[in-house]
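Breakdown of the fold
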Amino acid sequence: MNRVFNFSAGPSMLPVPVLEKAASELLCYGESGMSVMEMSHRSPDYEAIINDAERMLRELMQIPDNYKVLFLQGGASTQFAAVPMNLIARTGKADYVVSGQFSGKAFKEAQKMGYDVQCVATSKEDNFDHIPAFTRDMIRKDAAYVHVCFNNTIYGTKYPEIPDTGDIPLVADMSSCILSEPVDVSRFGVIYAGAQKNVAPAGVTIVIVREDLLEYADPKMPTMLEWKIMAENGSMYNTPPTYTIYIAKLVFEHLLATGGLAAKKAYNEKKAALLYDYLDSQDYYIAPVKKESRSLMNVTFVTGDADLDKKFASEAAQAGLKNLKGHRSVGGMRASIYNAMPMEGVEKLVAFMKEFAANHPKA
Ligand SMILES: *Cc1c(COP(=O)(O)O)cnc(C)c1O
């Protein structure tokens, strides 16, 4: 069977050379005589893998030395709880920007634990069709941190630039945009991301945290969620998700070998432009997101007719363009065009969109 173009929001496509390399090493990794899956996480072979993964991620993202890199479990959703538990003791309160479902969940999780958190800006009234503007003076001066979701996977919006929070640490959920372009890590206190969109299969969560922020953990918090303990133990306080980290390492290696994040950004911009330029050139499909907030990774559009939308997703799937149905909460279509989606996939999608519009004229 041929591989399809998989536009899933996550888990999502992985680079073919990475899958091929993993296949070639599946039974025997190097001289070890065993699969990475079967290896002790304390073995020298595995230590080299996790150390390489960290070193390559640092090189790719130019992570400054005063930041720790952690490979954790539980997905980005677990970090919704871990963030306040690790940081709020700095001042006792924190501020959130709610720009979509995941940032809403992060805010609610902190509220649920009884912390003093407030939402300083939201675009909820506009169905999250843009990133809400917020300025430094809207944030409480003594907030322990400000939490944002940098790319809103469901709505297809992204911060056009890094918000200025002054001295207040900025915490960003980058699950659906990490490694899609260079970012200035030094502008953030914490960056976290579930792996299954742009990094690896599901199962590992990357946390990049500035060292001075490791001192504020709630003493009653679960050990497994405490960044400082994970940092002191090289992400191996317990058994880490060994195989997923190995695939992440292969992805980092592949990115480094193909020009790093600057090259990736240029390629991703070309891919996204192909879709957005087409969307802007016609009126059969509507792109609901405000132009200045458009995501590079998740492109949403609708026909304006729910039945046509349904037909679109199913006919596209038959044409080898899979998983274009929008999130169940918003409907319409969503093309997730992460790093591993080739230009050819987007070209085929645009050709299909034209064909579909011609074949299904609106009443
Ligand atoms: C997918 C996603 C999540 C949820 O990730 P899990 O790893 O499934 O918990 C959180 N935030 C963003 C921005 C996402 O795209």
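Reading the values: the criteria
Residues numbered from 1 in each chain as written. Predicted model: local features only at pLDDT ≥ 70, side-chain atom pairs only at ≥ 80, totals over all residues. Heavy atoms only, no water. Core = buried A, V, L, I, M, F, W, Y, C linked by side-chain atoms within 4.5 Å. Buried < 20%, exposed > 50% of the residue type's maximum accessible area, 1.4 Å probe, protein only. Domains from an automatic or database assignment. Contact = heavy atoms within 4.5 Å. Axes fitted to C-alpha atoms, helices over the stretch in contact; angles between N-to-C directions. Helix = DSSP H or I, 4+ residues; strand = E, 2+ residues; numbered from the N terminus. Parallel < 35°, antiparallel > 145°, perpendicular 65-115°, else oblique. Left-handed = near helix turned anticlockwise from the far one by under 90°. Nonpolar A, V, L, I, M, F, W, Y, C, P; charged D, E, K, R; others polar. Phe/Tyr/Trp six-rings, centres within 6.5 Å; stacked < 30°, edge-to-face > 60°. Lys NZ or Arg CZ within 6 Å of the ring centre and 35° of its normal. Pairing = 2+ DSSP bridges. Right-handed = clockwise from strand over helix to strand, strands pointing away. Near = heavy atom within 4 Å. Polar contact = N/O pair within 3.5 Å; in protein donor to acceptor, adjacent residues only side chain to side chain. Areas by Shrake-Rupley, 256 points an atom, 1.4 Å probe, with all protein chains shown as cover. Expected span 1.5 Å × (residues − 1). Bend = angle between axes of the 7 residues up to and from the residue. Buried area = accessible area lost by both parts, 1.4 Å probe. Salt bridge = Lys/Arg side-chain N within 4 Å of Asp/Glu carboxyl O.

Here we look at the nonpolar core
- With 90 residues, the main nonpolar core has Leu179, Phe252, Tyr285 and Phe312 as its most contacted residues.
- Shared between two domains, this core holds at least three residues of each, these being domain 1 (28-257) and domain 2 (260-359).
- Beyond its immediate chain neighbours, meaning those up to four positions away, Phe252 contacts Ala53, Met56, Leu57, Leu60, Phe71, Leu179, Val199 and Ile206.

Topic: the packing of helix 3 (residues 75-87) against helix 4 (residues 101-112)
- Where helix 3 contacts helix 4, the two axes come as close as 8 Å, and the packing angle between them is 45°. Overall, the two elements helix 3 and helix 4 adopt an arrangement that is oblique. Handedness of the crossing formed by helix 3 with helix 4: right-handed. Contacts from Phe80, Ala81 and Pro84 of helix 3 reach helix 4 at Phe102, Lys105, Ala106, Glu109 and Ala110.
- Classifying every residue of the contact of helix 3 with helix 4 gives six nonpolar, no polar and two charged.

Digging into the packing of aromatic side chains
- This model, assessed by the stated rule, comprises 17 aromatic pairs.
- Ring centres of Tyr29 and Tyr246 lie 5.9 Å apart, and the angle between their planes is 90°; on these two criteria the pair is classed as edge-to-face. Taken together, the residues Tyr29 in the loop between helix 1 (16-24) and helix 2 (44-61) and Tyr246 in helix 6 (residues 242-257) connect sequence positions 217 residues apart.
- Look at Tyr246 and you get buried, because its relative accessible area is 1%.
- Joined through ring pairs, the aromatic side chains of Tyr278, Tyr284, Tyr285, Phe301, Phe312, Phe352 and Phe356 make up one cluster.
- Positioned above the aromatic ring of Tyr284 is the side chain of Lys362, whose terminal nitrogen or guanidinium carbon lies 4.6 Å from the ring centre.

Let's talk about the pairing of strand 3 (residues 93-98)
- Counted residue by residue, strand 3 has five buried out of six residues, so it is predominantly covered.
- The pairing of strand 3 with strand 4 (residues 116-122) spans six bridges and is classified as parallel. Counted as the bridge partner of Ala94 is Val117 from strand 4.
- Since strand 3 and strand 4 lie parallel, the crossover through helix 4 that links them has a hand, and here it is right-handed.
- Where strand 3 and strand 5 (residues 146-149) come together, two bridges link them in parallel fashion. In the strand pairing of strand 5, Asp95 is matched with Val146.

Notes on the site of the ligand
- Surrounding the ligand, one finds 13 residues, the nearest of these being Ser77, Thr153, Asp173, Gln196 and Lys197.
- The separation between an oxygen atom of the ligand and a polar side-chain atom of Lys197 is 2.7 Å.
- Expressed as a share of its isolated accessible area of 380 Å², the protein-covered part of the ligand is 85%.
- Considering every element that reaches the shell around the ligand, the biggest residue donor is helix 3, with four residues.

Digging into helix 3
- The end-to-end C-alpha distance of helix 3 is 18 Å, a good match for the 18 Å that 13 residues give at a rise of 1.5 Å each.
- At Ala81, helix 3 shows its maximal kink, close to 35°; a proline, Pro84, follows between one and four residues later.
- Counting buried residues in helix 3 gives ten out of 13 residues, a clear majority hidden from the surface.
- Every buried residue of helix 3 is listed here: Ala76, Gln79, Phe80, Ala81, Ala82, Val83, Pro84, Met85, Asn86 and Leu87.

Re the domain arrangement of the protein
- Segmenting the protein into domains produces domain 1 (28-257) and domain 2 (260-359).
- Contacts between domain 1 and domain 2 engage 24 residues on the former and 24 residues on the latter.
- Across the domain 1/domain 2 interface, buried area totals approximately 2000 Å², and carbon plus sulfur atoms make up 55% of it.
- Together, Asp129, Ile154 and Ser180 form the three largest contributors to the area buried by domain 1 at its contact with domain 2, with a combined 23%.
- Our count for the contact surface shared by domain 1 and domain 2 stands at one salt bridge.
- Note that Asp129 and Lys290 form a salt bridge whose closest N and O atoms lie 2.9 Å from each other.
- Here domain 1 is connected to domain 2 by 13 residue pairs in polar contact (both at pLDDT 80 or more).
- Of all the secondary-structure elements, those providing two or more residues to the side of domain 1 that touches domain 2 are helix 2, strand 7 (157-158) and helix 6.

A few points about the sheet that holds strand 2 (residues 67-72)
- What the seven strands build is an open sheet, ordered 2-10-9-8-5-3-4; its pairing is mixed. With one partner strand each, in any of the chains shown, strand 2 and strand 4 form the two edges of the open sheet. Between one strand and the next, the sheet's axes are offset by a mean angle of 20°, whatever the strand orientation.
- Sheet topology note: the strand 8 (residues 170-173)/strand 9 (residues 190-194) ladder contains three bridges and is parallel. Bridging from a neighbouring strand, Asp173 pairs with Tyr192 of strand 9.
- Taken strand by strand, helix 4 contacts strand 3, strand 4, strand 5 and strand 8, and its axis lies near 155° from that of strand 3.

Some remarks on the environment of Arg136
- Structurally, Arg136 can be placed in the loop between strand 4 and strand 5.
- Separated by 27 residues in sequence, Arg136 and Pro163 have C-alpha atoms that sit 8.5 Å apart.
- Those residues in contact with Arg136 that lie beyond four places of it in its chain are Asp164, Thr165 and Gly166.

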